[in-house]
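Examining the three-dimensional arrangement
For reference, the chains in residue letters:
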Amino acid sequence: MRDKVVVKWGGGLITEKNQLCTVDRDIIRSLVGTIITCHGNDLDVILVHGAGSFGHLRAKQWRLNEGKIDPSNFIADDFCSTQEQAVKLVRKDMLTLNSIIMEELTRADISAAVLSPHKWVNGTGESFQGDLTFFAGAPEGIVMVTYGDVVDCDEPLQFGILSGDDLVTRLAIEVPNVKRLVFAIGGVDGILRCPPDRASEDDLIEIWSPDIEFEGEHKSDIDVTGGIGLKAARGAKVAQNGIEVMMVSGQHPQRVADACIGVATRGTKVVYNVK
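Described in the following lines is the structure provided in the data block.

Conventions used here
Residues numbered from 1 in each chain as written. Predicted model: local features only at pLDDT ≥ 70, side-chain atom pairs only at ≥ 80, totals over all residues. Heavy atoms only, no water. Pairing = 2+ DSSP bridges. Helix = DSSP H or I, 4+ residues; strand = E, 2+ residues; numbered from the N terminus. Contact = heavy atoms within 4.5 Å. Axes fitted to C-alpha atoms, helices over the stretch in contact; angles between N-to-C directions. Salt bridge = Lys/Arg side-chain N within 4 Å of Asp/Glu carboxyl O. Buried < 20%, exposed > 50% of the residue type's maximum accessible area, 1.4 Å probe, protein only. Phe/Tyr/Trp six-rings, centres within 6.5 Å; stacked < 30°, edge-to-face > 60°. Core = buried A, V, L, I, M, F, W, Y, C linked by side-chain atoms within 4.5 Å. Expected span 1.5 Å × (residues − 1). Polar contact = N/O pair within 3.5 Å; in protein donor to acceptor, adjacent residues only side chain to side chain. Parallel < 35°, antiparallel > 145°, perpendicular 65-115°, else oblique. Nonpolar A, V, L, I, M, F, W, Y, C, P; charged D, E, K, R; others polar.

Describing the sheet that holds strand E3 (residues 112–114)
Within a sheet, neighbouring strands are paired by backbone hydrogen bonds and run either parallel or antiparallel to one another. Ordered by their spatial adjacency, eight strands build an open sheet running E3-E6-E2-E1-E9-E11-E12-E10, and the pairing between neighbours is mixed. One side of each edge strand has no neighbouring strand; the edge strands of this open sheet are E3 and strand E10 (207–208). Sheet topology note: the strand E1 (residues 3–9)/strand E2 (residues 43–49) ladder contains seven bridges and is parallel. Bridge pairing in E2 places Trp9 opposite His49. Against the sheet, helix H7 (residues 227–240) makes contact with E1, strand E9 (178–185), E10, strand E11 (244–249) and strand E12 (268–270), and its axis sits at roughly 150 degrees relative to E11, the strand it touches most. Across the sheet, helix H8 (residues 253–261) touches E1, E2, E9 and E11, and the angle it forms with E9 is around 165 degrees.

Looking at the pattern of salt bridges
A full pass over the atoms with the stated rule returns 22 salt bridges. Its salt-bridge partner being Arg63, residue Glu66 comes within 2.9 Å of it at the nearest N-O pair. Owing to a relative accessible area of 36%, Glu66 belongs among the partly exposed residues under this scheme. Connected through salt bridges with shared partners, the residues Arg25, Arg29, Glu103, Glu104 and Arg107 form a single ionic network.

Some points on the packing of aromatic side chains
Scanning the entire structure with this criterion turns up four aromatic pairs. The interplanar angle of 25 degrees and the centroid separation of 5.0 Å between the aromatic rings of Trp62 and Phe74 together place this pair among those described as stacked. Here the residue Trp62 occupies a position in the loop between helix H3 (56–61) and helix H4 (83–107), and Phe74 occupies one in the loop between H3 and H4, the gap between them amounting to twelve residues. For the residue pair Trp62 and Phe74, the accessibility class agrees, reading buried in each case.

Some points on the pairing of strand E8 (residues 159–162)
Where strand E7 (residues 149–152) meets E8, four bridges bridge the pair, whose relative direction is antiparallel. If you follow Asp149 over to E8, its bridge partner there is Leu162. Following E7, the chain reverses through six residues before pairing antiparallel with E8; Gln158 in that reversal takes a positive phi of roughly 75 degrees.

Quick notes on the pairing of E2
Counting buried positions over the seven residues of E2 gives seven, a clear majority of the element. With four bridges joining them, E2 and strand E6 (residues 143–147) adopt parallel strand pairing. Looking at the pairing, Val48 lines up with Thr146 of E6.

Looking at the nonpolar core
Trp9, Ile14 and Leu64 are the most contacted members of the largest nonpolar core, which has 45 residues in total. Counting residues per element, this core draws most heavily on H4, which supplies nine residues. If sequence neighbours within four positions are ignored, Trp9 has contacts with Ile14, Ile28, Leu31, Val32, Ile35, Leu47, Val48, His49, Gly50, Ile101 and Ala184.

Some thoughts on helix H2 (residues 25–40)
The terminal C-alpha atoms of H2, which comprises 16 residues, lie 23 Å apart, in line with the 22 Å expected from a rise of 1.5 Å per residue. One side-chain oxygen at the N-terminal end of H2 lies 3.3 Å from the backbone nitrogen of Asp26; it belongs to Asp24.

Observations regarding the packing of helix H6 (residues 164–174) against H7
Following both chains from N to C, one finds H6 and H7 inclined at 10 degrees, their axes separated by 10 Å at the closest point. Relative to H7, the element H6 is oriented roughly parallel. Along the contact surface, H6 presents Asp165, Asp166, Thr169, Ala172 and Ile173, while H7 presents Gly227, Leu230, Lys231, Arg234, Lys237 and Val238. In terms of residue class, the contact of H6 with H7 is built from four nonpolar, two polar and five charged.

Quick look at the structure:
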(Lines give C-alpha, C1' and ligand atoms only; values in the text may rest on other atoms or scores of the structure.)
Protein backbone atom coordinates (compact mmCIF):
# COMPACT_ATOMS: atom_id res chain seq x y z
CA MET A 1 0.00 0.00 0.00
CA ARG A 2 1.37 3.42 -0.98
CA ASP A 3 2.00 6.18 1.52
CA LYS A 4 -0.72 8.81 1.85
CA VAL A 5 -0.97 12.50 2.61
CA VAL A 6 -4.05 14.25 3.98
CA VAL A 7 -4.42 17.75 2.52
CA LYS A 8 -6.78 20.47 3.73
CA TRP A 9 -7.65 23.29 1.33
CA GLY A 10 -8.90 26.13 3.48
CA GLY A 11 -12.27 27.65 2.62
CA GLY A 12 -10.81 31.13 2.82
CA LEU A 13 -8.20 30.06 0.26
CA ILE A 14 -10.44 28.57 -2.42
CA THR A 15 -13.33 31.06 -2.10
CA GLU A 16 -13.88 34.75 -1.50
CA LYS A 17 -14.98 34.31 2.09
CA ASN A 18 -16.80 37.64 2.34
CA GLN A 19 -18.81 37.15 -0.88
CA LEU A 20 -21.56 34.56 -0.83
CA CYS A 21 -20.78 31.50 -2.97
CA THR A 22 -17.82 33.00 -4.85
CA VAL A 23 -15.05 30.60 -5.88
CA ASP A 24 -11.41 31.19 -6.90
CA ARG A 25 -10.90 28.77 -9.79
CA ASP A 26 -7.32 29.89 -10.44
CA ILE A 27 -6.29 28.89 -6.93
CA ILE A 28 -8.14 25.58 -7.21
CA ARG A 29 -6.41 24.78 -10.50
CA SER A 30 -3.01 25.55 -9.05
CA LEU A 31 -3.76 23.30 -6.07
CA VAL A 32 -4.86 20.50 -8.37
CA GLY A 33 -1.36 20.64 -9.81
CA THR A 34 0.06 19.80 -6.39
CA ILE A 35 -1.93 16.56 -6.38
CA ILE A 36 -0.31 15.63 -9.69
CA THR A 37 3.05 16.18 -8.01
CA CYS A 38 2.04 13.87 -5.15
CA HIS A 39 1.06 11.11 -7.55
CA GLY A 40 4.33 11.55 -9.39
CA ASN A 41 6.07 10.88 -6.08
CA ASP A 42 4.07 7.68 -5.40
CA LEU A 43 1.92 9.39 -2.80
CA ASP A 44 -1.85 9.02 -2.60
CA VAL A 45 -3.99 11.95 -1.51
CA ILE A 46 -6.99 12.35 0.77
CA LEU A 47 -8.41 15.81 0.10
CA VAL A 48 -10.56 17.76 2.56
CA HIS A 49 -11.76 21.24 1.64
CA GLY A 50 -13.34 24.00 3.65
CA ALA A 51 -16.57 25.88 3.03
CA GLY A 52 -15.57 29.52 2.86
CA SER A 53 -18.33 31.66 1.39
CA PHE A 54 -20.30 28.56 0.37
CA GLY A 55 -21.03 27.66 4.00
CA HIS A 56 -19.91 30.04 6.70
CA LEU A 57 -21.99 33.11 5.86
CA ARG A 58 -25.40 31.43 5.80
CA ALA A 59 -24.47 29.01 8.60
CA LYS A 60 -23.49 31.98 10.75
CA GLN A 61 -26.71 33.87 9.96
CA TRP A 62 -28.83 30.88 10.97
CA ARG A 63 -26.54 29.75 13.84
CA LEU A 64 -26.37 26.22 12.48
CA ASN A 65 -23.28 25.47 14.57
CA GLU A 66 -25.47 25.79 17.68
CA GLY A 67 -27.99 23.17 16.54
CA LYS A 68 -31.75 23.60 16.74
CA ILE A 69 -32.69 26.73 18.68
CA ASP A 70 -35.83 28.80 19.28
CA PRO A 71 -37.20 29.91 15.88
CA SER A 72 -38.17 33.29 17.32
CA ASN A 73 -34.46 34.19 17.18
CA PHE A 74 -34.60 34.51 13.39
CA ILE A 75 -36.08 36.73 10.72
CA ALA A 76 -36.96 35.13 7.39
CA ASP A 77 -35.02 36.26 4.33
CA ASP A 78 -35.49 35.84 0.59
CA PHE A 79 -33.93 32.36 0.66
CA CYS A 80 -35.29 30.62 3.73
CA SER A 81 -37.46 31.12 6.80
CA THR A 82 -36.29 28.31 9.11
CA GLN A 83 -33.07 26.70 10.25
CA GLU A 84 -34.13 23.49 8.55
CA GLN A 85 -34.35 25.29 5.21
CA ALA A 86 -30.95 26.86 5.90
CA VAL A 87 -29.47 23.41 6.49
CA LYS A 88 -30.70 22.29 3.07
CA LEU A 89 -29.37 25.44 1.39
CA VAL A 90 -25.91 25.15 2.97
CA ARG A 91 -25.69 21.49 2.00
CA LYS A 92 -26.69 22.39 -1.55
CA ASP A 93 -24.11 25.19 -1.68
CA MET A 94 -21.40 22.84 -0.41
CA LEU A 95 -22.31 20.32 -3.11
CA THR A 96 -21.93 23.13 -5.64
CA LEU A 97 -18.47 24.06 -4.34
CA ASN A 98 -17.45 20.43 -4.26
CA SER A 99 -18.67 19.90 -7.83
CA ILE A 100 -16.36 22.70 -8.99
CA ILE A 101 -13.41 21.02 -7.29
CA MET A 102 -14.32 17.65 -8.75
CA GLU A 103 -14.65 19.27 -12.18
CA GLU A 104 -11.13 20.68 -11.92
CA LEU A 105 -9.75 17.32 -10.81
CA THR A 106 -11.40 15.65 -13.80
CA ARG A 107 -10.04 18.35 -16.11
CA ALA A 108 -6.56 17.36 -14.92
CA ASP A 109 -7.27 13.65 -15.55
CA ILE A 110 -7.26 12.89 -11.81
CA SER A 111 -9.65 10.15 -10.72
CA ALA A 112 -11.52 11.12 -7.58
CA ALA A 113 -14.47 10.07 -5.45
CA VAL A 114 -16.38 12.29 -3.03
CA LEU A 115 -17.95 11.32 0.28
CA SER A 116 -20.27 14.13 1.42
CA PRO A 117 -20.35 14.14 5.25
CA HIS A 118 -24.10 14.77 5.52
CA LYS A 119 -24.54 11.32 3.97
CA TRP A 120 -22.24 9.36 6.32
CA VAL A 121 -21.53 11.36 9.50
CA ASN A 122 -23.49 11.87 12.70
CA GLY A 123 -22.30 14.42 15.24
CA THR A 124 -19.65 17.13 15.27
CA GLY A 125 -16.19 17.69 16.71
CA GLU A 126 -13.44 15.08 16.96
CA SER A 127 -15.85 12.43 18.25
CA PHE A 128 -18.14 12.41 15.21
CA GLN A 129 -19.50 9.02 14.18
CA GLY A 130 -18.73 7.82 10.66
CA ASP A 131 -17.13 4.99 8.72
CA LEU A 132 -13.61 5.89 7.54
CA THR A 133 -12.91 2.55 5.86
CA PHE A 134 -13.80 3.94 2.41
CA PHE A 135 -10.87 6.33 2.73
CA ALA A 136 -8.56 3.58 3.91
CA GLY A 137 -9.56 1.19 1.15
CA ALA A 138 -9.37 3.56 -1.82
CA PRO A 139 -7.57 2.12 -4.87
CA GLU A 140 -4.12 3.47 -5.66
CA GLY A 141 -4.24 6.82 -7.43
CA ILE A 142 -7.84 7.62 -6.50
CA VAL A 143 -8.23 10.90 -4.62
CA MET A 144 -10.80 10.56 -1.87
CA VAL A 145 -12.53 13.90 -1.29
CA THR A 146 -14.65 15.19 1.57
CA TYR A 147 -15.37 18.56 3.17
CA GLY A 148 -16.75 20.55 6.09
CA ASP A 149 -20.53 20.20 6.11
CA VAL A 150 -23.80 20.45 8.01
CA VAL A 151 -24.42 17.01 9.48
CA ASP A 152 -27.16 15.31 11.45
CA CYS A 153 -26.81 15.20 15.24
CA ASP A 154 -28.65 13.42 18.01
CA GLU A 155 -31.43 15.20 19.89
CA PRO A 156 -31.77 17.90 21.01
CA LEU A 157 -29.30 19.45 18.54
CA GLN A 158 -30.68 17.73 15.38
CA PHE A 159 -27.90 19.23 13.22
CA GLY A 160 -24.52 20.97 13.50
CA ILE A 161 -21.35 21.97 11.65
CA LEU A 162 -18.62 19.38 11.17
CA SER A 163 -15.35 21.24 10.63
CA GLY A 164 -12.94 20.06 7.97
CA ASP A 165 -10.25 20.40 10.63
CA ASP A 166 -11.92 17.66 12.68
CA LEU A 167 -12.19 15.51 9.57
CA VAL A 168 -8.49 15.79 8.76
CA THR A 169 -7.57 14.95 12.35
CA ARG A 170 -9.44 11.67 12.30
CA LEU A 171 -8.38 10.81 8.76
CA ALA A 172 -4.69 11.47 9.42
CA ILE A 173 -4.66 9.42 12.61
CA GLU A 174 -6.98 6.56 11.71
CA VAL A 175 -6.31 5.85 8.02
CA PRO A 176 -3.26 3.58 7.62
CA ASN A 177 -0.09 4.78 5.86
CA VAL A 178 -0.74 8.51 6.29
CA LYS A 179 2.68 10.15 6.58
CA ARG A 180 1.78 13.84 6.49
CA LEU A 181 -1.02 16.33 7.07
CA VAL A 182 -0.77 19.58 5.13
CA PHE A 183 -2.95 22.64 5.71
CA ALA A 184 -3.00 24.91 2.64
CA ILE A 185 -4.24 28.21 4.07
CA GLY A 186 -5.06 31.60 2.60
CA GLY A 187 -3.44 34.96 3.21
CA VAL A 188 -0.56 33.91 5.48
CA ASP A 189 2.56 31.74 5.32
CA GLY A 190 1.65 29.75 8.44
CA ILE A 191 1.09 30.50 12.13
CA LEU A 192 2.06 34.09 12.90
CA ARG A 193 2.92 35.62 16.27
CA CYS A 194 0.37 38.36 15.67
CA PRO A 195 -2.54 39.01 13.26
CA PRO A 196 -1.59 39.42 9.56
CA ASP A 197 -2.31 43.14 9.46
CA ARG A 198 0.44 43.71 12.04
CA ALA A 199 2.83 40.93 11.09
CA SER A 200 6.11 41.08 9.20
CA GLU A 201 7.95 38.20 7.53
CA ASP A 202 9.86 37.69 10.77
CA ASP A 203 6.64 36.91 12.67
CA LEU A 204 6.22 33.48 11.08
CA ILE A 205 6.53 30.74 13.70
CA GLU A 206 8.51 28.09 11.82
CA ILE A 207 8.05 25.39 14.46
CA TRP A 208 4.95 25.59 16.67
CA SER A 209 3.92 23.48 19.65
CA PRO A 210 1.01 24.00 22.07
CA ASP A 211 3.25 25.72 24.63
CA ILE A 212 3.97 28.58 22.20
CA GLU A 213 1.47 31.41 22.39
CA PHE A 214 0.34 33.37 19.35
CA GLU A 215 -2.25 36.04 18.70
CA GLY A 216 -4.31 34.46 15.95
CA GLU A 217 -6.97 36.14 13.87
CA HIS A 218 -10.42 34.56 13.98
CA LYS A 219 -13.18 36.24 11.98
CA SER A 220 -15.95 35.28 14.38
CA ASP A 221 -18.43 37.47 12.51
CA ILE A 222 -18.44 35.02 9.60
CA ASP A 223 -16.61 31.88 10.79
CA VAL A 224 -18.61 29.08 12.44
CA THR A 225 -15.57 26.87 13.15
CA GLY A 226 -12.39 27.59 15.05
CA GLY A 227 -10.06 29.44 12.68
CA ILE A 228 -6.28 29.09 12.91
CA GLY A 229 -6.47 28.13 16.59
CA LEU A 230 -8.45 24.98 15.82
CA LYS A 231 -6.05 24.03 13.02
CA ALA A 232 -3.09 24.43 15.35
CA ALA A 233 -4.68 22.36 18.12
CA ARG A 234 -5.79 19.59 15.78
CA GLY A 235 -2.43 19.62 14.03
CA ALA A 236 -0.63 19.11 17.35
CA LYS A 237 -2.80 16.10 18.12
CA VAL A 238 -1.96 14.59 14.74
CA ALA A 239 1.75 15.29 15.31
CA GLN A 240 1.51 13.53 18.67
CA ASN A 241 0.70 10.40 16.67
CA GLY A 242 3.99 10.57 14.75
CA ILE A 243 2.62 12.23 11.60
CA GLU A 244 4.32 15.25 10.04
CA VAL A 245 2.12 18.37 10.04
CA MET A 246 2.71 21.54 8.02
CA MET A 247 0.78 24.76 7.49
CA VAL A 248 1.72 26.60 4.31
CA SER A 249 0.38 29.35 2.09
CA GLY A 250 -1.94 27.93 -0.55
CA GLN A 251 -1.15 30.94 -2.73
CA HIS A 252 2.26 29.33 -3.30
CA PRO A 253 1.43 25.92 -4.81
CA GLN A 254 5.08 24.84 -4.85
CA ARG A 255 5.12 25.13 -1.07
CA VAL A 256 2.02 22.96 -0.85
CA ALA A 257 3.59 20.35 -3.15
CA ASP A 258 6.87 20.40 -1.22
CA ALA A 259 5.11 20.04 2.12
CA CYS A 260 3.12 17.08 0.78
CA ILE A 261 6.18 15.17 -0.45
CA GLY A 262 8.33 16.02 2.56
CA VAL A 263 10.61 18.70 1.14
CA ALA A 264 11.52 21.60 3.45
CA THR A 265 9.59 24.78 2.59
CA ARG A 266 8.45 28.05 4.12
CA GLY A 267 5.60 27.54 6.54
CA THR A 268 4.90 26.32 10.05
CA LYS A 269 5.78 22.83 11.18
CA VAL A 270 3.36 21.79 13.90
CA VAL A 271 4.74 19.50 16.60
CA TYR A 272 3.34 18.17 19.86
CA ASN A 273 6.33 19.28 21.88
CA VAL A 274 9.73 20.79 21.15
CA LYS A 275 12.50 18.41 22.17
